[in-house]
Amino acid sequence: MATIQEVIDNAKRYNKKSNSKKIQKAYDFAKDAHGDQLRMSGEPYIIHPTEVAYIITTLELDDDAICAALLHDVFEDTNITREEVAKEFGESVAEMVDGVTKLGSLAAQTFIDKREEQVENYRKFFMAMAKDIRVLIIKLADRLHNMRTLKHLPDERRQANAKETRMLYAPLANRLGIYSIKWELEDLAFMYLEEDAYFELAKGVKSKREERENFINEILDELRAKMKEAKIQAEIYGRPKHLWSIYRKMQKDHKTLDQIYDLFALRIIVNSVKDCYAALGFVHEMYKPMPGRFKDYIAMPKPNMYQSLHTTLIGKNGVPFEVQIRTWDMHRVAEYGIAAHWAYKEKGASVSVSDDKLSWLRETLEWQNETNDDKEFMSKLKFDLFDEEVFVFTPAGDIKSLPVGSTPIDFAYAIHEQVGHKMVGAKVNSRIVPITTKLQNGDIVEVITSDNSNGPSRDWLKMVKTSSARSKIQNYFKKALREENTLKGKEMVEKEIKRIGISFNDLFRPEWLSEVLEKYKYNTLDDAYAAIGFGAISPLKIITRLLEEYKKENKDLEIEKTIEELKQVKLDNRPRSSKNGIIVKGIDNCLVKLARCCNPLPGDEIVGYVTRGRGVSVHRADCENCRELITNEQRLIDVSWEKEVKASFVTELTVYANDRNGLLQDITIALSEVKATMVSVNAKTTQNRVAIITIGIEVDSVEKLNKILKALRKVDSVYDVHRNK
């Protein structure tokens, strides 16, 4: 448990000019404000902001950020106002505290539903980040300490917080390059969301630690001797990989812990870039590198500024291990991410997203300002945070980072909006290619433009990968078809208010309308009509908001009923699912068939394909057959699983084991213990006495399947189990 003195001492360690009196004053102010408040653990509340401030000092942030961390909950949980904090600690501290404060606690705001409230909190949070990225660092530190103490909350809230951490906060820490926080957040979320798997893996890793450490220590001694012989000053050590990354690798590659060898990564930290490449040469001379497993993040840094050389090598007895080589400056960035580059340490100014180091965040903010639909906002946010990058070059040699799967269209819009609008073709590595071509690492991309271009095609919306490109294309059509969309939107609104039975003049009063337009970021009523006509926002959202204002002056029970009715209509307008739990976007009661080639289960990522005369065929996204179908973009359709699918599905598993007496009986017992229904079995034995058993299993979700896989892997003599493609 950190004390305020430890916070002050830590700040002095990296900043001799740190204002200890100001930090102590912020602590005393927060302690008085929170008074007798207790956390769910029964501890005094002040412990939490002190721990958050301590985490902030481990990232070496400035005094204002430390004070904001100490005060970060006073607006939300006490009667302290923004003006009081600004007066006592300055505008910068007040802005940061305001940025991490949830919307709902600031005023009596009305939200149509809980989802809208959550999305609006995220919007406010992102807007605060736009002004000062320290807001995000404080929020990450706040979430980290909350996750460390999550055991004191009820199970439902533990699950919700852990899911939000995995969905939002860990990816944000990754995007900022603050890996020390990212890894801990991921492991804590893993512990609460997959408790059995977490503790089983932790136990397995611990039992193998001594064996792995002996292997690593031998390599460390060899590397240290080689660097000394080459007269390269280097610090070399081994770092165990965090549990979530090991678990993901096991799931992705269908491997057991025994088959995962690189549980440790070796780091070589040197004084210069020249020494990095020299060390790499010696390492490759000593051990055989694995083909395709070398990454040069020094020449091509990640968007979060991470730089390092990564290589996977083959050690004695064919055991692979990973080596990362970097300078001390690169190591600092790898640990602290964007926090390692604070300009305000010297200048006393904040770092905003206009900084080139935060171009990814600037683009995210651009499209979120243009997105009023809650579902679309969350979908794009998740996509931008989780997607992996591919690095491509302009003909001039500039590097552009794009999500994996991006096309020349994405590249064109990453250059400039007008380049995208005027695009008529593309060259990749000096060859003309279709604009749907998936870009690969190292491609040199040239966009062919024409002033006579008719602008983007609506089909491009299905082809692009980046939210930025999609947003710019959508905006083009919004402007091009504004008049048509405005008329359509007006008709939709008039139709709804006529159905409700209330006059336009009674509902669309200027003072109410101005608040609603400001809420949804529209300048005029025509702007709102155009957005409704385009499909960017539902007319019911605007009308429900106005009715909330109307009922304040008209105490009419019928109005209350109408508002509830409209909210129910919103729910009823959701796409209905098919009998097998699949929702086809925009189509009700559609014939849907699950593809037998891959047997998708609830929880799998899925893709819909419109067949000829047989409805929609649903495949797993990683299905080999699906990859061939995806070449025909026009016949793809958005599909998703219903939230609670009440159906069973058959999937096939293949078990590989050393043949022995009673093997099949033990497998059957293992399945019955996890209450798995076996619908078919086919067993054969090879000349080498390897038993290959194909089992048809009835399951209702991926989670159930994972339990079955885990049970089968525990059976004696079984060395591999995987789900058939």
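Look a little higher up for the structure.
Described in the following lines is the structure provided in the data block. Note that the coordinates shown come from a computational prediction; the quantities given were computed from them, not determined experimentally.

1. A few points about the packing of helix H19 (residues 408-415) against helix H22 (residues 467-480)
Argument step 1. Closest axis-to-axis distance for the H19/H22 pair is 9 Å, and the angle between their directions is 80°. If you check the angle between H19 and H22, you find them roughly perpendicular. Residues Ile409, Asp410 and Tyr413 of H19 form the contact with H22, whose participating residues are Ala469, Lys472 and Ile473.
Argument step 2. Considered class by class, the residues forming the contact of H19 with H22 number four nonpolar, no polar and two charged.

2. Examining the environment of Val681
Argument step 1. Here Val681 shows up in strand S18 (residues 677-685).
Argument step 2. Each C-alpha atom, one on Val681 and one on Gly696, is 6.2 Å from the other, the two residues being 15 residues apart in sequence.
Argument step 3. When residues no more than four places from it in sequence are discounted, the contact partners of Val681 are Leu664, Ile693, Thr694 and Ile695.

3. Regarding the side chain of Thr165
Argument step 1. Position of Thr165 relative to the elements: it lies in helix H10 (residues 155-175).
Argument step 2. Among residues more than four places away in sequence, those in contact with Thr165 are Arg143, Met147, Ala170, Pro171, Leu185 and Ala189.

4. Some thoughts on unusual backbone geometry
Argument step 1. Its identity as a non-glycine residue notwithstanding, Glu60 has a phi of 60°, on the positive side.
Argument step 2. Considering the arrangement of structural elements, one finds Glu60 in the loop between helix H3 (47-58) and helix H4 (63-71).
Argument step 3. Residue Glu60 is classed as buried on the basis of its relative accessible area, which comes to 10%.
Argument step 4. For Ser430, which is not glycine, the phi dihedral falls at a positive 75°.
Argument step 5. Within the secondary structure, Ser430 sits in the loop between strand S8 (423-428) and strand S9 (431-433).
Argument step 6. Since its relative accessible area comes to 67%, Ser430 is described here as exposed.

5. Some thoughts on the side chain of Thr50
Argument step 1. Of note, Thr50 is situated in helix H3.
Argument step 2. The class of Thr50 is buried, set by a relative accessible area of 3%.
Argument step 3. Looking at Thr50, its side chain comes within polar contact range of the main-chain oxygen of Ile46, at 2.7 Å.
Argument step 4. Setting aside anything within four residues of it in sequence, one finds Thr50 in contact with Ala2, Thr3, Ile4, Val7, Tyr27 and Leu70.

6. Here we look at the pairing of strand S2 (residues 264-270)
Argument step 1. With seven of seven residues buried, S2 lies mostly within the body of the structure.
Argument step 2. Burial of the side chains of S2 extends over both faces: Phe264, Leu266, Ile268 and Val270 are buried on one face and Ala265, Arg267 and Ile269 on the other.
Argument step 3. Looking at chain direction, strand S1 (residues 234-240) and S2 are connected through seven bridges and run antiparallel. Of the residues in S2, the one forming a bridge with Glu235 is Ile269.
Argument step 4. Across six bridges, the pairing between S2 and strand S5 (residues 320-327) is parallel. Bridge pairing in S5 links Ile268 to Ile325.

7. Remarks on helix H15 (residues 328-336)
Argument step 1. Taken together, the buried positions of H15 are Met330, His331, Val333, Ala334 and Tyr336.
Argument step 2. Packed against the buried residues of H15 are H3, helix H11 (179-193), S1, S2, helix H14 (273-286) and S5.

8. Thoughts on the packing of aromatic side chains
Argument step 1. Applying the stated rule across the entire model yields 11 aromatic pairs.
Argument step 2. Ring plane angle 25° and centroid distance 5.8 Å describe the contact between Tyr179 and Trp183, whose orientation is recorded as stacked. Pair noted here: Tyr179 and Trp183 are both in helix H11, with a separation of four residues, about one helical turn.
Argument step 3. With centroids separated by 5.2 Å and ring planes inclined at 55°, the aromatic side chains of Phe190 and Trp244 adopt a geometry described as tilted. Of this pair, Phe190 sits in helix H11 while Trp244 sits in helix H13 (residues 243-253); the two residues are 54 residues apart in sequence, bridging distant segments of the chain.
Argument step 4. Judged by relative accessible area, Phe190 falls into the buried class, the value being 0%.
Argument step 5. Trp244 sits in the buried class, given a relative accessible area of 12%.
Argument step 6. One aromatic cluster is present, formed by Phe190, Tyr198, Phe199, Trp244 and Tyr247 through successive ring pairs.
Argument step 7. Positioned above the aromatic ring of Trp512, the side-chain terminus of Arg509 is 4.2 Å from the ring centre.

What counts and how
- All residue numbers refer to positions counted from 1 along the written sequence of the respective chain.
- Whole-chain, interface and lining totals are the exception, using all residues; otherwise, since this is a predicted model, local features are given only for residues with pLDDT of at least 70 and side-chain atom pairs are given and counted only at 80 or more.
- Water and hydrogen atoms were dropped before computing side-chain values, which therefore reflect all heavy atoms in the structure.
- Axes, fitted as lines to C-alpha atoms, cover a helix only where it is in contact. Angles between the N-to-C directions of the axes lie from 0 to 180 degrees.
- Counting from the N terminus, the helices are DSSP H or I runs at least four residues long and the strands are E runs at least two residues long.
- Comment on the angle field: the value is read as roughly parallel under 35 degrees, roughly antiparallel over 145, roughly perpendicular from 65 to 115, and oblique elsewhere.
- It only takes one pair of heavy atoms within 4.5 Å for two residues to be counted as in contact.
- In this classification, Asp, Glu, Lys and Arg are treated as charged, Ala, Val, Leu, Ile, Met, Phe, Trp, Tyr, Cys and Pro as nonpolar, and every other residue, Gly included, as polar.
- Three exposure classes are used, based on accessible area relative to the maximum for each residue type with a 1.4 Å probe and protein chains only: buried under 20%, partly exposed in between, and exposed over 50%.
- Polar contacts, as used here, are pairs of N or O atoms within 3.5 Å; protein pairs need one atom able to donate a hydrogen and one able to accept it. Residues neighboring in sequence count only if both atoms are side-chain atoms.
- For two strands to count as paired, DSSP must find a minimum of two bridges between them.
- Pairing of aromatic rings covers Phe, Tyr and Trp, the last through its six-membered ring, and needs centres within 6.5 Å; plane angles under 30 degrees mean stacked, over 60 mean edge-to-face, and all others mean tilted.
- A ring is considered to have a charge above it if a Lys NZ or an Arg CZ atom is located within 6 Å of its centre and within 35 degrees of its normal.

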